[in-house]
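What the coordinates show
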Amino acid sequence: MTKTNVRPAPEKILLFGASGHVGGPAAATITAAEPAPELRLATSSAEKAAELKASFPSAEVVQADYTDLQSLVSAFDGVDAAFIITPDFRIDERQAVINVSAAAHAAGTQPHLVKLTGVTIGINSINDLRPALRDFPGPSLQYQQARAVLNASGLPVTFLNCFANYMDDFLTVWGFSLLTRGVLAAPYDRSSLFVDPRDVGEAAARLLLQPHSREHDGYVRHITGTERIRFSEVAALMTEVLGVDIAYEDDPQTFKAELGEVFKAQFGPSALDWLLAFSENEQKEEVLFIVTDELRHLLGREPRTLREWIEENRHFYLAEGSALRR
């Protein structure tokens, strides 16, 4: 391997999504690095731009939108590495990464792109997807489209593939029924994996901060939770940790009726149908659900476990007014 094949640690990093539960920890990790590179945070929201400047006063904050190529060209100017995280359902991800690729080339620095994805390990193209997901305009399809575009871009790119559910979905998607009915409602009792989004953000930062070998362009770093566990087993774990009885409910129709309007308002009319199709598909692909050591290697420590996360958030579930509070 020649020295020209290795890009040194970056001097300036561009990071999208720093106001979120993954990008925020990534920005904090980069800021705390020694020596810390220059950090540029990009957001499409003027309101969030002000909040980011208050949270990360040493960082440069710019407004950029994945749908606005010129804003991306300005955002990429002079950067050596960038973290790309896109919102599910809210944009055409394929077009977004086409714009990202064009802006990165325009920068003239060949920045190392770290793209967050969420695909099943072993599913490497659109053709590998089952029809229920291949024909559905959801994240499963769009992540594969984005991966194809970036692999063809000629840019240094690493895919950070989070093959796990975020633990804080138990505060949102699955938290609603817990707080209102004292029940963990999660259709299709499948074996799954769970990861703390703070660990995902830190892992992304570690990838951005280190030198990058061009021989590793296109590599997929599969990060997972620390264990395979079924949702019915999660209910039992919560019962043990929180000290209250939590039942498990496997009923797609009740779940859809309960959260239909919430999902429609936040993600659009097709989001909940996609989630149910994806959840049902997970039952069929359980053989592909493996636990990797990749997250531990990237972090240099043990990732947070689901038990630890539940213990940390017990105050949320046992707050005044919760159905779990006895």
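A few points on the structure. This is a predicted model, so every value here is computed, not measured.

**Quick word on the nonpolar core**
- If you look at the biggest cluster of nonpolar residues, it comprises 59 residues, and the most contacted ones within it are Phe16, Leu41, Phe76, Phe83, Leu116, Leu160 and Val200.
- Other than its neighbours up to four places away in sequence, Phe83 contacts Leu14, Leu15, Phe16, Val22, Gly23, Val114, Leu116, Ala204 and Leu208.
- Membership of the second largest hydrophobic core comes to 36 residues, among which are Val173, Leu242, Phe263 and Phe278.

**Some details on the pattern of salt bridges**
- Scanning the model with the defined rule gives 22 salt bridges in all.
- Across the pair Glu282 and Arg190 runs a salt bridge, and its minimum N-O distance is 2.5 Å. Within this pair, whereas Glu282 is found in helix H11 (residues 271-284), its partner Arg190 is found in the loop between strand E9 (183-185) and strand E10 (191-192), the two being separated by 92 residues in sequence. Taken as a pair, Glu282 and Arg190 share a single burial class, namely buried.
- A salt bridge links Asp293 to Arg296; the nearest nitrogen and oxygen atoms lie 3.5 Å apart.
- Salt bridges linked by common partners bring Asp196, Arg198, Asp199, Glu202, Arg206, Arg301, Arg304 and Glu312 together as one network.

**Remarks on the sheet that holds strand E5 (residues 81-84)**
- Pairing within the open sheet is parallel, and its seven strands lie in the order E4-E3-E2-E5-E6-E7-E13. Strands at the two margins of the open sheet, each flanked by one partner only, are strand E4 (60-63) and strand E13 (220-223). Between one strand and the next, the sheet's axes are offset by a mean angle of 20°, whatever the strand orientation.
- Bridge count between strand E6 (residues 112-117) and strand E7 (residues 157-162): five bridges; the pairing is parallel. Residue Val114 lies in a different strand from E7, and its bridge partner there is Thr158.
- Sheet strands touched by helix H2 (residues 46-55): strand E3 (38-43) and E4. Its angle to E4, the strand with the most contacts, is close to 175°.

**Some thoughts on the packing of helix H1 (residues 23-32) against helix H8 (residues 197-209)**
- Close contact between H1 and H8 brings their axes to 7 Å; oriented N to C, the two are set at 45°. The angle between H1 and H8 falls in the class oblique. Classified by chirality, the crossing of H8 by H1 is right-handed. Residues Pro25, Ala26, Thr29 and Ile30 of H1 lie in contact with H8, whose contacting residues are Arg198, Gly201, Glu202, Ala205, Arg206, Leu208 and Leu209.
- Among the residues forming the contact of H1 with H8, the class breakdown is six nonpolar, two polar and three charged.

**Quick notes on the side chain of Ser322**
- Structurally, Ser322 is set in the segment after helix H14 (314-317).
- Among the polar contacts made by the side chain of Ser322, one reaches the main-chain carbonyl oxygen of Tyr317 at a distance of 2.6 Å.
- Dropping the residues within four chain positions of it, Ser322 is found in contact with Leu179 and Tyr317.

**Thoughts on the environment of Leu72**
- Inspection of the secondary structure assignment puts Leu72 in helix H3 (residues 69-76).
- Each C-alpha atom, one on Leu72 and one on Met167, is 31 Å from the other, the two residues being 95 residues apart in sequence.
- Leaving out residues up to four positions away in the same chain, Leu72 has contacts with Phe16, Ala64, Asp65, Tyr66, Asn99, Val100 and Ala103.

**Structural notes on the side chain of Thr292**
- The topology assignment puts Thr292 in the loop between H11 and helix H12 (294-299).
- Of note is the side chain of Thr292, whose polar atom sits 2.7 Å from the backbone oxygen of His222.
- Not counting chain neighbours up to four residues away, the residues in contact with Thr292 comprise Ile121, His222, Ile223 and Thr224.

**Here we look at unusual backbone geometry**
- In the segment running from Glu34 into Pro35, the intervening peptide bond is cis, with an omega of -5°.
- In this structure, Gln110 is a non-glycine residue whose phi angle is positive, near 50°.
- Mapping Gln110 onto the fold places it in the loop between helix H4 (93-107) and E6.
- Phi is positive for Tyr188, close to 70°, though the residue is something other than glycine.
- Position of Tyr188 relative to the elements: it lies in the loop between E9 and E10.

Thresholds applied
Within any chain, residue numbers begin from 1 and follow the written order of that chain's sequence. With the structure being a predicted model, the display of local features is reserved for residues of pLDDT at least 70 and the display and counting of side-chain atom pairs for 80 or more, all residues being used for whole-chain, interface and lining totals. Note that the side-chain values use all heavy atoms of the structure and ignore hydrogens as well as water. We define a nonpolar core as any set of buried Ala, Val, Leu, Ile, Met, Phe, Trp, Tyr and Cys residues linked to one another through side-chain atoms lying within 4.5 Å. Three labels apply to residues, based on accessible area from a 1.4 Å probe with only protein chains included: buried if under 20% of the type maximum, exposed if over 50%, partly exposed otherwise in between. The criterion used for residue contact is that any of the two residues' heavy atoms lie within 4.5 Å. Here a salt bridge means any side-chain nitrogen of Lys or Arg lying within 4 Å of a carboxyl oxygen belonging to Asp or Glu. Helix numbering and strand numbering both begin at the N terminus, where a helix is a DSSP run of H or I of at least 4 residues and a strand a DSSP run of E of at least 2. The pairing criterion for strands is at least two bridges between them, as found by DSSP. Note on geometry: axes are C-alpha line fits, over the in-contact stretch for helices, and angles between N-to-C directions span 0 to 180 degrees. When an angle is under 35 degrees it counts as roughly parallel; over 145 it counts as roughly antiparallel; between 65 and 115 it counts as roughly perpendicular; any other value is oblique. Rotating anticlockwise by less than a right angle from the far helix to the near helix defines a left-handed crossing, while the corresponding clockwise rotation defines a right-handed one. When residues are grouped by polarity, Ala, Val, Leu, Ile, Met, Phe, Trp, Tyr, Cys and Pro land in nonpolar, Asp, Glu, Lys and Arg in charged, and all others, Gly among them, in polar. Throughout this description, a polar contact denotes any pair of N or O atoms lying within 3.5 Å of each other; where both atoms belong to protein, one of them has to be capable of donating a hydrogen while the other can accept it, and for residues adjacent in sequence the pair is counted only when both atoms sit in side chains.

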